[in-house]
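Observations on chain architecture
Chain by chain, the residues run as shown.
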Amino acid sequence: MLLKLPAEPVPIQEIPVHNKIKLFMKREDQIHPMISGNKYWKLFYNINHYLERNPEHPYIITFGGAFSNHIAAVSAAGNLAGIPTLGIIRGEELQHKWRDNPTLLFAKRSGMNLKFVTREEYRHKEKLTEFLQQEFPDALIVPEGGTNEEAVEGVKMMLNEQTKDFDYLCTAVGTGGTIAGISKFCEDNQKVIGFKVVDDASLESKIFELTLRQNFNLIDSCFGGYGKINDGNIRFINDFKEKYGIPLEPIYTGKMMEKVFELIEEGYFPDNSRILCFHTGGLQGIEGANLLLEKQNRNLII
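Because the structure is a prediction, the values reported are computed rather than measured. Each chain carries its own residue numbering, running from 1 in the direction its sequence is written. Residues qualify for local features only when their pLDDT is at least 70, as the model is predicted, and side-chain atom pairs are given and counted only at 80 or more; totals for whole chains, interfaces and linings, by contrast, use all residues. The basis for every side-chain value is the complete set of non-hydrogen atoms in the structure, without hydrogens or water.

Mapped onto the secondary structure, Lys39 falls in helix α1 (residues 38–52). Throughout this description, buried means an accessible area under 20% of the type-specific maximum (1.4 Å probe, protein chains only), exposed means over 50%, and partly exposed covers the range between. His residues and chain termini do not enter the charge count, which takes Lys and Arg as positive and Asp and Glu as negative. The salt bridge definition used is simple: a Lys or Arg side-chain nitrogen within 4 Å of an Asp or Glu carboxyl oxygen. Buried within the structure, Lys39 lacks any salt-bridge partner; its nearest side chain of opposite charge belongs to Glu144, at an N-O separation of 9.2 Å. Ignoring any residue separated from it by four or fewer positions in sequence, one finds Lys39 in contact with Asn69, His70, Ala73 and Gly145. Helix numbering and strand numbering both begin at the N terminus, where a helix is a DSSP run of H or I of at least 4 residues and a strand a DSSP run of E of at least 2. Whether two residues touch is decided by their heavy atoms; if any such pair falls within 4.5 Å, the residues are in contact.

Glancing now at the nonpolar core. For soluble globular proteins, nonpolar side chains are generally found buried alongside one another. Here, nonpolar core means buried Ala, Val, Leu, Ile, Met, Phe, Trp, Tyr and Cys residues that are tied together by side-chain atoms lying within 4.5 Å of each other. Within the largest apolar cluster, 51 residues are counted, with the highest numbers of intra-cluster contacts made by Ile35, Leu43, Ile47, Leu114, Leu169, Ile182 and Ile207. Examining the composition of this core, we find that seven residues originate from one element, α1, more than from any other. For this core, the two domains that each supply at least three residues are domain 1 (12–33 + 155–296) and domain 2 (39–142). Leaving out residues up to four positions away in the same chain, Leu43 has contacts with Leu3, Ile35, Asn48, His70, Ala73, Val74, Ala77 and Val142. Formed by 31 residues, the second largest nonpolar core is a distinct cluster that contains Phe236, Met257, Ile264 and Ile286. The domain boundaries here were taken from an automatic or database domain assignment.

Next up on the list: the UniProt feature "active site" (unreviewed entry) in the chain. Per the UniProt record, "active site" (unreviewed entry) is found at Ser68. Considering the arrangement of structural elements, one finds Ser68 in the loop between β3 (60–64) and α2 (69–81). Classification of Ser68 as buried rests on a relative accessible area of 15%. Among all residues touching Ser68, those that are not within four sequence positions of it are Thr103 and Gln284. UniProt positions are given in the numbering used here, feature names are shortened, and annotations may be inferred rather than shown by experiment.

Let's shift gears to the domain arrangement of the chain. How big an interface is tends to be expressed through the accessible area that disappears when the partners come together. Along its sequence, the chain is organised into domain 1 (12–33 + 155–296) and domain 2 (39–142). Computed over C-alpha atoms only, the centres of domain 1 and domain 2 are separated by 25 Å. The partner domain 2 presents 13 residues to the 17 residues of domain 1 that form the contact. Taking both partners together, domain 1 and domain 2 bury about 1200 Å²; carbon and sulfur atoms supply 66% of that area. Of all residues in domain 1, the largest losses of buried area upon contact with domain 2 belong to Ile31, Met157 and Gln284, amounting jointly to 40% of the total for that side. The interface formed by domain 1 and domain 2 includes zero salt bridges. A 3.5 Å cut-off defines polar contacts: any pair of N or O atoms within that distance qualifies, except that in protein one atom must be a possible hydrogen donor and the other a possible acceptor, and neighbouring residues in sequence count only when both atoms are side-chain atoms. Linking domain 1 with domain 2 are five residue pairs in polar contact (both at pLDDT 80 or more). The biggest single contributor to the side of domain 1 that touches domain 2 is helix α11 (residues 285–295), with five residues. We define buried area as the total accessible area lost by two parts upon association, computed with a 1.4 Å probe and summed across both.

Here we take up the sheet that holds strand β2 (residues 21–26). By the convention used here, strands pair only if DSSP detects at least 2 bridges between them. Spatial strand order, β1-β2-β10-β7-β8-β9: six strands in an open sheet with mixed pairing. Both edges of this open sheet fall to β1 (12–18) and β9 (216–220), since each of them pairs with a single strand only. Across the sheet, the axes of successive neighbouring strands diverge by a mean angle of 25°, strand direction being ignored. Sheet topology note: the β1/β2 ladder contains five bridges and is antiparallel. What sits directly across from Gln13, in β2, is Met25. Here, axes are lines fitted to C-alpha atoms. For helices the fit covers the stretch in contact, and angles between N-to-C directions go from 0 to 180 degrees. Contacts from helix α10 (residues 253–265) reach β1, β2, β7 (168–173), β8 (191–196), β9 and β10 (274–278) within the one sheet, and its direction differs from that of β2 by about 175°.

We now examine the pairing of strand β5 (residues 112–117). Regular strands show a simple pattern: their side chains alternate between the two faces of the sheet. Relative to β5, strand β4 (residues 85–90) runs parallel, the two sharing six bridges. If you follow Ile89 over to β5, its bridge partner there is Phe116. With the strands pointing away from the viewer, any crossover whose connection runs clockwise from the first strand over the helix to the second is right-handed. Crossover β4 to β5 through helix α3 (residues 102–109) is right-handed.

Dropping the structure here:
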């Protein structure tokens, strides 16, 4: 079964913050109950083009960490499409603990086989990919985070007639595929801002290779490092949900929105700017984040 275009347009919700700035959020988190946000679009052409080739032994293989939105999405997409999936998971210590991990438990229940590798093996994913392609010649191997040229093409679907009127398009940046797609297919007059949640100096050049446009700017939004959650992040996410009714996860969209609010306060955006932020989903990660926060006796994300 192919992934389908949504029956209804993805809603855009206004966030009233400033009398001279218009801020909106495109709710890509609502696109599918299991395949969330940008992950749906990153997988859209990867899976559909793969199935159109009628592989004799269809199989989808991908990579991810303990609480990976990508692993959750690929397992759900494979389940939906009737294709077996394999997740190569970073951290061999998880081999006997995966039942305590909500993301990996969801992936397993969605039919994904899990293979746990050491962090050293995981660092050499290119070599792993070669071995896997030899072992499973018919398999679709999707890179970590889902970023490749077909993913970039899929992200084009996040842009439509409704998004053309905005001055700024904002997205969180992990592996760079989403911002590359937005940059590549947005209007000439639009500025694209990527809120970088990883400390990766090579990201800018990787994104440029995928978009070949120089209309984007990256802003550090790590708040201490990838996957790190400080008490200020938790307060912001909980206040945001209470005030605007929009849940945010703490690794990507939560950090982006916190930084956007900081920039608005600092006067980064000119008066009368229209800003659109993309909610890239990943809300499944909240449960895993709360498990870690609870062990640390810290406030939880509501």
